[in-house]
Amino acid sequence: KGQTATMGKDSRLTFRRRHSYNTTSNVTRAIKTPGGKLAVQYTKKKGTVGKCGDCGCKLRGIKALRPTTNKYVPKRNKRVSRAYGGARCGTCVRQRIVRAFLIEEQKIVKRVLHDQQKKDKSK
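Note that the coordinates shown come from a computational prediction; the quantities given were computed from them, not determined experimentally. (Residues numbered from 1 in each chain as written. Predicted model: local features only at pLDDT ≥ 70, side-chain atom pairs only at ≥ 80, totals over all residues. Heavy atoms only, no water.)

A.B. asks: What's the story with the overall build of the protein chain in this structure? I'm lost.
C.D. replies: Each helix and strand counted, the protein chain has two helices and two strands in total. Tracing the protein chain from N to C terminus, the helices and strands come up as β-β-α-α. In terms of C-alpha radius of gyration, the protein chain reaches 29 Å, well past the compact-globule figure of 14 Å for 123 residues. Projected onto its principal axes, the C-alpha positions of the protein chain cover 100 × 25 × 20 Å. Out of the 123 residues in the protein chain, the part that is buried amounts to 12%. Counting contacts in the protein chain only where the partners sit at least 6 residues apart, residues at least 24 apart contribute 26% of the total. Working note: accessible area of the protein chain is about 10700 Å², and carbon and sulfur atoms make up 52% of it. (Helix = DSSP H or I, 4+ residues; strand = E, 2+ residues; numbered from the N terminus. Rg over C-alpha atoms; globule rule 2.2 N^0.38 Å. Buried < 20%, exposed > 50% of the residue type's maximum accessible area, 1.4 Å probe, protein only. Contact = heavy atoms within 4.5 Å. Areas by Shrake-Rupley, 256 points an atom, 1.4 Å probe, with all protein chains shown as cover.)

Shown next as structure tokens:
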């Protein structure tokens with residue numbers, strides 16, 4: 001109770017910890033207790049949503065959590081039921097699938113053209 005560092009707007013409140021700087025880990029709220037007193041409550045830092053590994057956009061369907069709480073959350077909150085779910089966004093996955101399909105198609109066309117050329121040479 002020996003701290004004298006008053007907080008922001010309300011001079012009736014003081015910090016409960018020995019940390020007086022206005023940092024993200026020291027954000028507080030003024031709370032009225034059931035007894036009618038004003039008390040300080042420390043807020044936790046906001047979590048961030050995972051980002052797509054290809055384009056860097058936010059992944060939809062994934063909870064924004066701090067790393068420590070993310071460890072204890074079930075798997076269904078950390079990923080989406082899709083290939084690359086939780087690592088890549090849907091548009092990037094679609095692009096990968098289309099790219100792979102077109103590459104395979106190109107290989108087939110190349111093989112067919114090669115076979116046709118062989119037939120023409122043999123005749």
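A.B. asks: In this structure, what is going on with a nonpolar patch on the surface? I would like to understand it.
C.D. replies: Nonpolar side chains collect at one region of the surface, where V98, F101 and L102 lie side by side and expose about 300 Å² of accessible area between them. With respect to the helices, strands and loops of the structure, V98 is situated in helix α2 (residues 90–122). Residue V98 is classed as partly exposed on the basis of its relative accessible area, which comes to 41%. (Patch = residues over 30% accessible without salt bridge, like charges linked within 9 Å, V, L, I, M, F, W, Y side chains within 5 Å. Salt bridge = Lys/Arg side-chain N within 4 Å of Asp/Glu carboxyl O.)

A.B. asks: Even after reading the chapter, I still don't get the environment of K119, so can you show me in this structure?
C.D. replies: Following the sequence through the fold, K119 ends up in helix α2. What makes K119 exposed here is its relative accessible area of 60%.

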